[in-house]
Amino acid sequence: MQYVDSWRAVAAATGAADRGAAEDGVRLAYRSAGLAEPEQIVWADSPKAAVEVVEKLVDAGRSVRDEVRTRPWAEERRRMYDELGPAGWSSLWSATGAQLWETTAALAERIRTGVVAALAGSPEDESDVRLVLLDAVLGQHDAAWLAAFDGRGDRLDGLAEVARHAGWWWPYERTVVISERPETLHRDEAGRLDRGDGPALSYRDGFALYAWRGMPVPAEFLAELTTLTPQRIREEENAELRRVMLEFYGYDRYLTESGAQPVHRDETGILWRIALDGDEDVVMVEVVNSTPEPDGTHRTYWLRVPPSTRTAKSGVAWTFGLDEDAYTPLRQT
């Protein structure tokens, strides 16, 4: 629908917030909830910094998140559900919010986890940080459900205005704390945080998350990727990090440079196996494209197959969703 792309852009927006527009949105959200406008609005450079500001607030009053965000959302959802019926509401959500939900919810959870890791020095601290995070309205990362209500009334206009122009925010009776948006955001085609040469998500105060194809990794780990060797990969004790190393280095390159031996070959290709301590074996089928390239050469491809694969043909068959006996191609391409 027409609103999905605009809200997708909101969820992924980076750069300085429009503070004036965001503050106007906060005041509108308070008025729409029947509350007096906050006496002060405090800005922070990241969700991490915002949590630190909230923890030091004096005389801010109680959290009004329920009045400002939770209750209006629930009431608008009930209104739309009653108006459209179960099938109509399901169709609306599928065409709008559901398109954004998975990636935005995953990103928000990664930010929460990163904030807790950065601020919690003990299990007791972790509980305190999580409690502060529960008071947050997610701003731009509430894009999924705001997309479903866009153009269907003005009850949520204040919340939408903040989301379009700022990051997370914490509403209290007399004080609001608002976080800036990220400075950078790097994701792969599946929407997962992903960057091999720096932070996948970063804020202006230095708070950052590092990831490779969605998997959290230490910052120093990424710096090492460009100097990898087969021996260093074998020595890595963390199975998940070792898998990232293999993906970055390239399975074919690893096989070639580590002196691996094929375990099976037939008319379809060559089966290779990499045994990894503490992790399942990596099994690959090397196949050659029978159709020549413009220069007359034939490209080699590497297909990752299940660890249980015992023959090259069964591995190739698996990539087509077939058993080995059922795989009888009339022509190779």
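Every value quoted in this text rests on a predicted model; they were computed, and no experiment measured them. (Residues numbered from 1 in each chain as written. Predicted model: local features only at pLDDT ≥ 70, side-chain atom pairs only at ≥ 80, totals over all residues. Heavy atoms only, no water.)

1. Details of the nonpolar core
So, step 1. Counting 33 residues, the largest nonpolar core has W7, V26, L159, W169 and I178 as its most contacted members.
So, step 2. If you list the elements that add at least two residues to this core, you get α1 (2-11), α2 (19-32), β1 (40-44), α4 (65-95), α7 (143-149), α8 (157-165) and β3 (175-179).
So, step 3. For V26, the residues in contact, after removing those within four places along its chain, are P38, I41, V162, W169, V176 and I178. (Core = buried A, V, L, I, M, F, W, Y, C linked by side-chain atoms within 4.5 Å. Buried < 20%, exposed > 50% of the residue type's maximum accessible area, 1.4 Å probe, protein only. Helix = DSSP H or I, 4+ residues; strand = E, 2+ residues; numbered from the N terminus. Contact = heavy atoms within 4.5 Å.)

2. A closer look at the environment of I270
So, step 1. Looking at the secondary structure, you find I270 in strand β10 (residues 269-274).
So, step 2. On the basis of relative accessible area, I270 is assigned to the buried category, the value being 16%.
So, step 3. Along the chain, I270 and G315 lie 45 residues apart, while their C-alpha atoms are 9.6 Å from each other.
So, step 4. Contacts of I270, omitting those with residues within four sequence positions, involve P262, H264, R265, M284, V285, E286 and A312.

3. Concerning the environment of V129
So, step 1. Mapped onto the fold, V129 is located in helix α6 (residues 123-134).
So, step 2. Note on V129: relative accessible area 2%, which makes it buried.
So, step 3. Setting aside its immediate chain neighbours within four residues, V129 contacts V51, E55, V115, V116 and L119.

4. Topic: the sheet that holds β1
So, step 1. The sheet built from 3 strands is open, its strands ordered β1-β3-β2 with mixed pairing. The two strands at the open ends of the sheet, each matched to only one other strand, are β1 and β2 (169-171). Neighbour to neighbour, the strand axes of the sheet diverge by 15 degrees on average, direction disregarded.
So, step 2. As defined by bridge partners, β2 adjoins β3 across 3 bridges and the pair is classed as antiparallel. What sits directly across from P171, in β3, is V176.
So, step 3. Against the sheet, helix α3 (residues 47-55) touches β1, β2 and β3, its axis set at about 160 degrees to β3. (Pairing = 2+ DSSP bridges. Axes fitted to C-alpha atoms, helices over the stretch in contact; angles between N-to-C directions.)

5. Points about the packing of α2 against α8
So, step 1. It is the contact of α2 with α8, at a shortest axis distance of 7 Å, that shows an interaxial angle of 160 degrees. In terms of axis orientation, α2 runs roughly antiparallel to α8. The element α2 and its partner α8 pack so that their crossing is left-handed. Taking contact as the criterion, the partners of A21, A22, G25, V26, L28 and A29 in α2 are, on α8, D157, G158, L159, E161, V162 and H165.
So, step 2. Class assignment for the residues of the contact of α2 with α8 results in 7 nonpolar, 3 polar and 2 charged. (Parallel < 35°, antiparallel > 145°, perpendicular 65-115°, else oblique. Left-handed = near helix turned anticlockwise from the far one by under 90°. Nonpolar A, V, L, I, M, F, W, Y, C, P; charged D, E, K, R; others polar.)

6. Quick look at the pattern of salt bridges
So, step 1. Enumeration according to the criterion identifies 28 salt bridges in this entry.
So, step 2. Taking the shortest distance from any N to any O, the salt bridge between E37 and R31 comes out at 2.7 Å.
So, step 3. Assessed through its relative accessible area of 35%, E37 is described here as partly exposed.
So, step 4. In this structure R31 comes out as partly exposed when scored by relative accessible area, which is 46%.
So, step 5. Notably, a salt bridge pairs E83 with R79, separated by 3.5 Å at the nearest N-O pair. Residue E83 and its partner R79 are both found in helix α4; the two are separated by 4 residues, about one turn of the helix.
So, step 6. Taken together, the shared-partner salt bridges connect E23, D24, R27, R31 and E37 into one network. (Salt bridge = Lys/Arg side-chain N within 4 Å of Asp/Glu carboxyl O.)

7. With respect to the side chain of E23
So, step 1. As for its placement among the helices and strands, E23 is situated in helix α2.
So, step 2. Given a relative accessible area of 19%, E23 falls into the buried group.
So, step 3. Contacts of E23, omitting those with residues within four sequence positions, involve I41, W43 and I178.

8. Brief notes about unusual backbone geometry
So, step 1. Even without being a glycine, D59 presents a positive backbone phi close to 60 degrees.
So, step 2. Relative to the elements of secondary structure, D59 occurs in the loop between α3 and α4.
So, step 3. Phi at R213 takes a positive value of approximately 50 degrees, unusual for a residue other than glycine.
So, step 4. Along the chain, R213 falls in the loop between β7 (211-212) and β8 (215-216).
So, step 5. By relative accessible area, R213 is classed as partly exposed at 39%.

9. A look at the pairing of β10
So, step 1. Of all 6 residues that make up β10, 5 are buried, and the element is covered over most of its length.
So, step 2. Examined bridge by bridge, strand β9 (residues 262-266) and β10 share 4 bridges and lie antiparallel to one another. What sits directly across from P262, in β10, is W272.
So, step 3. Between β9 and β10, which pair antiparallel in sequence order, lie 2 residues.
So, step 4. The pairing of β10 with strand β11 (residues 282-288) spans 5 bridges and is classified as antiparallel. When the bridges of β11 are listed, W272 appears paired with M284.

10. Thoughts on empty space enclosed by the protein
So, step 1. Overall, the coordinates contain 1 cavity of 30 Å³ or more when judged by the stated rule.
So, step 2. Looking at the largest cavity, its volume works out to about 40 Å³.
So, step 3. Where the lining of the largest cavity is concerned, the elements lending two or more residues are α2, α4 and α8.
So, step 4. For the lining of the largest cavity, the element with the highest residue contribution is α4, accounting for 3 residues.
So, step 5. In terms of residue class, the lining of the largest cavity is built from 6 nonpolar, 2 polar and 2 charged. (1 Å grid on protein atoms, 1.4 Å probe; cavity = no way out; pocket = protein on both sides within 12 Å on 5 of 7 lines; lining within 4 Å. Points joined across faces, edges and corners; volume = space filled by probe spheres on them.)

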